Amino acid sequence: MGKPKRSIFISYQHRDQMKAKGFNLLRWAKNVDVDFVGRHLLDPVKSNNKQYIDTKIREQIKGSSVTVVLIGKDTKKSEYQPFEIEQSLAKDKPNGILGIKLDKSVNLPKDSAVGQLLHATGAEIIDWDPNKFGEAIERAVVAAGRAAKIKHIPAGGSRCIR
């Protein structure tokens, strides 16, 4: 019996949308050992209403067990990724969190909102290597328990869990 199929929320900065779509397609790749159901907003919400967008994010996160945070060169500027991480942790059963660097040269500043959240949760951050995603996702599931202990994460200007 193999690993269970995980439900993954894909968190990404808008400029990395095509790479996020590529990550989502990996679940059908025959040569990659990763099996998941993608939960995401890969097609942007057609609204400028922040409350509506927040609701749509929560709906997708609700049915997930792991949040994969795709880290690109503009992640430090992301408006929604900190909120997505916070909502992933705010659930009754918090998600496991896994950071995946889209390029090895990307360095996410620890003083950025996303950097602070990933650091505070002890999230593993790995380089882009589809052959390692399955095992890293499973480690994130196991590590999800420590996220339950986090009540408030000071993350710069982001909205923190209270």
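Residues numbered from 1 in each chain as written. Predicted model: local features only at pLDDT ≥ 70, side-chain atom pairs only at ≥ 80, totals over all residues. Heavy atoms only, no water.

S.K.: When you look at the sheet that holds strand E4 (residues 96-101) in this model, what are you seeing that I'm missing?
M.R.: Spatially, E2-E1-E3-E4-E5 is the arrangement adopted by the 5 strands of the open sheet, whose pairing is parallel. What marks the edges here is a single partner per strand, and that holds for strand E2 (36-39) and strand E5 (124-127). For this sheet, the mean inter-axis angle between neighbouring strands, taken without regard to orientation, is 30°. Relative to E5, E4 runs parallel, the two sharing 4 bridges. Note on E5: the bridge partner recorded for Lys101 is Asp127. Here helix H3 (residues 81-90) sits on the sheet in contact with strand E1 (6-11), strand E3 (66-71) and E4, set at roughly 160° to E3. (Pairing = 2+ DSSP bridges. Helix = DSSP H or I, 4+ residues; strand = E, 2+ residues; numbered from the N terminus. Axes fitted to C-alpha atoms, helices over the stretch in contact; angles between N-to-C directions. Contact = heavy atoms within 4.5 Å.)

S.K.: For this particular structure, what's the right way to read the side chain of Asn95?
M.R.: The topology assignment puts Asn95 in the loop between H3 and E4. Among the residues examined, Asn95 registers a relative accessible area of 0% and is labelled buried. A distance of 2.5 Å separates a polar atom in the side chain of Asn95 from a polar atom in the side chain of Lys91. (Buried < 20%, exposed > 50% of the residue type's maximum accessible area, 1.4 Å probe, protein only. Polar contact = N/O pair within 3.5 Å; in protein donor to acceptor, adjacent residues only side chain to side chain.)

S.K.: Is there a simple way to explain the side chain of Gln81 in this structure?
M.R.: Positionally, Gln81 belongs in helix H3. For Gln81, a relative accessible area of 0% translates into the label buried. If we skip the residues at most four places from it in the chain, Gln81 touches Ser11, Tyr12, Gln13, Val69, Leu70, Thr75 and Val114.

S.K.: Would you mind going over the nonpolar core with me for this structure?
M.R.: Among soluble globular proteins, nonpolar side chains are generally buried collectively. Ile8, Phe23, Val68, Leu70, Leu98, Ile100 and Phe133 are the most contacted members of the largest nonpolar core, which totals 21 residues. Counting residues per element, the ones that place at least two in this core are E1, helix H1 (17-25), E3, E4 and helix H5 (130-147). The dominant element in this core, judged by the number of residues it contributes, is H5, at 4 residues. Excluding residues that lie within four positions of it along the chain, Phe23 makes contacts with Ile8, Ile10, Phe36, Val68, Leu70, Ile100, Trp128 and Phe133. (Core = buried A, V, L, I, M, F, W, Y, C linked by side-chain atoms within 4.5 Å.)

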